[in-house]
Amino acid sequence: MVDVKAAPFHLTEEKEQWVKDTLASMDMEEKVGQMFCPIGGNIEEGFLKEFLDEFHPGAMLYRPMSAKEVRSTHKFLQENSRIPLLFGANLESGGNGICADGTYFSRPMGVAATDNPVHAYRLGAISGKEAHAVGCNWAFAPICDLDMNYRNPIMNVRTFGSCQERVTSFVKEQLKGLAEYGVAAAVKHFPGDGVDERDQHLVSTVNSLSVEEWDATYGAVWQEVVNADTLSVMVGHIMQPAYSKFFNPDLKDEDILPATLSKELLQGLLRGKLGFNGMIVTDATPMIGFNTFMPRQEAVPDSIAAGCDMILFNKDIREDYQAVRDAITDGRLTMERVDEAVTRILAMKAAMDLPEMQKAGTLVGGEEELACVSCAEHMEWAKECADDCVTLVKDTQNLLPISPEKYKKIRLYLLEDRIGGGFKDGESATDKIKEKLEKEGFEVSLYDYSKPDFYEMFEGGVADIKSKFDLTIYVACIDTASNQSVRRIDWVHLMAADAPWFINEVPVMFVSIANPYHLVDVPMVKTFINAYTPTETVIDQVIDKVMGRSEFKGVNPVDPFCGIWGAEF
């Protein structure tokens, strides 16, 4: 059974006794419920009470709502649950991971570009403080993946980059910031995303490194995570063939499973080699990467039998619960294994002092704690991070700084109409940049994507575009998003009408406020800036720097040239 006095739980005898007594008091339905973290939607109190009574979940996650709504929902659920709940959130970039009105501090890659671990600590502290204010106690963060493949559409700016030393130190600082406010971490995504160029929302991906390569990279990071007394690890729908065969030499290629279903990776690598004794939670099980190896009614209990302690999200919650019941009944899932999983879940809650907080009525704080959400201090920290992160990748044409005296007439292009979470009321990044450039005295013409200029494509020549514009600026906001196969520039499909064919006639500046790898598609651009996070705070810093009022301080956390010859020129 589980040694709850050992790392990472370090339970006292009193807390260990609470785990034992609570486990002994639970019937099978409550034990099954503890092993699930459903996603919440309906926040009507009558529905919530019925949901708790039927499913007894061990944890829940709500997508970002207003801080007041989140707090109220968490408070009601905690007050009506016999066993205190874990409330999770994707606290990857700040308090906005749980509160729609929370602080969007920075994408992790923006933090990495500062090369200053203080900002990683602040990312954790802001996330932790704003989460704590609304009763959220479990962060699905930090991300300790390495961004090894620029084609990967889901990792990208969500990571601290490709340098394992920086990733390790920044993950540990983010963990400190979260812990300061009582928020436990579920570090993700074991055994490591970022090697494959695909998204595990759409397919099981592959970490194809050899045993030696994995040990020297991801393994080094994960060992530090385990040694930092991390209470929980989120496991991805990611295969690691080398280690699967290392622990099971007779395993056939066609029988290799993603980590969420793999005894070799969960028991052999994570629990055994790395020595992790904490709680293991799956990544979201509605992902296609989880559901294509066997029928779902087998996969859900098999995941627990393989070594996962908690199932994240459901397709049909009643079907998933019944699948676990059926597996217990027919012996595919033993009660010994169920008790082991529930013990770890309860031990995590005890290590977080949730039973004591439940008795004291402090699982969710008072409304006065909401004052920290997007408070002045947090916004100032976000500004300082933005100032430090904006990176001048290249300016081989010596364009910068710009001014209305040199470049009065600007053509502005927006690449990709998906806008990140940093803007309210439907405003776009381009709207903000256009407005700010005009305030600086530039005349700005916005390229009309609703009606590409036929004349400009087929009849307007060099003299025409030179007469209209002194400078063109491309602003790309192609942010990471789940269920996407590719995050690349998608030019207007008729003759790529918005592409910079005129680069030798009119100078071009390219600013990416998300994906840092656009030089793969525009290697000919001579002035290229990465800003990593689509917020107004970041855009303000970009404007200051291109105008020459502030220096560029950011470093490249990845290779923005994508290993392509000529992209640096």
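Each remark here, short or long, concerns the structure printed above.
Conventions and cut-offs
- Residues numbered from 1 in each chain as written.
- Predicted model: local features only at pLDDT ≥ 70, side-chain atom pairs only at ≥ 80, totals over all residues.
- Heavy atoms only, no water.
- Pairing = 2+ DSSP bridges.
- Helix = DSSP H or I, 4+ residues; strand = E, 2+ residues; numbered from the N terminus.
- Axes fitted to C-alpha atoms, helices over the stretch in contact; angles between N-to-C directions.
- Polar contact = N/O pair within 3.5 Å; in protein donor to acceptor, adjacent residues only side chain to side chain.
- Buried < 20%, exposed > 50% of the residue type's maximum accessible area, 1.4 Å probe, protein only.
- Arc of directions from axis to C-beta.
- Contact = heavy atoms within 4.5 Å.

Re the sheet that holds strand E12 (residues 391-395)
Pairing is mixed in the open sheet, where six strands are placed in the order E12-E17-E16-E15-E13-E14. Two strands bound the open sheet, and with one partner strand each, they are E12 and strand E14 (443-446). Along the sheet, successive strands turn relative to each other by an average axial angle of 20 degrees, direction set aside. In this structure, strand E13 (residues 409-415) lies alongside E14, joined through four bridges in parallel fashion. The residue of E14 that forms the bridge with Leu412 is Leu446.

Points about the environment of Glu340
Mapping Glu340 onto the fold places it in helix H15 (residues 335-351). A sequence separation of 33 residues divides Glu340 from Gly307, and the C-alpha atoms of the two residues are 9.5 Å apart. For Glu340, the side chain forms a polar contact with the side chain of Arg337, separated by 2.7 Å.

Remarks on helix H21 (residues 536-546)
Three or more residues of H21 are buried, namely Val538, Ile539, Gln541, Val542, Ile543, Lys545 and Val546. Looking one or two residues past H21, Gly548 carries a phi angle of roughly 85 degrees, positive in sign.

Some thoughts on unusual backbone geometry
For the bond running from Ala141 to Pro142, omega is -5 degrees, close enough to zero to count as cis. Locating Pro142 in the fold gives a position in the loop between strand E5 (138-139) and helix H7 (164-179). Cis geometry marks the peptide bond from Phe190 to Pro191, where omega comes out at 5 degrees. Note that Pro191 resides in the loop between strand E6 (184-190) and strand E7 (205-206).

A few points about helix H3 (residues 45-55)
Taken residue by residue, H3 has Leu48, Phe51, Leu52 and Phe55 as its buried positions. When H3 is viewed along its axis, its buried side chains cluster within an angular range of 95 degrees and face the same direction. On its buried face, H3 is in contact with helix H2 (28-34), strand E3 (59-62), helix H4 (67-79) and helix H14 (317-330). If you check the start of H3, you find a side-chain oxygen 3.0 Å away from the backbone N of Gly46, and it comes from Glu44.

Some points on the sheet that holds strand E11 (residues 310-312)
Strand order in the open sheet made by the nine strands is E1-E11-E10-E8-E6-E5-E4-E3-E2, with parallel pairing throughout. The sheet is open, and its two borders are formed by strand E1 (36-37) and strand E2 (39-40), each paired with just one other strand. Alignment of strand E8 (residues 232-235) against strand E10 (residues 279-284), held across four bridges, turns out to be parallel. Residue pairing in the sheet places Val233 in a bridge with Ile280 of E10. In the packing of H4 onto the sheet, contacts are made with E3 and strand E4 (86-89), and the angle to E3 comes to roughly 165 degrees.

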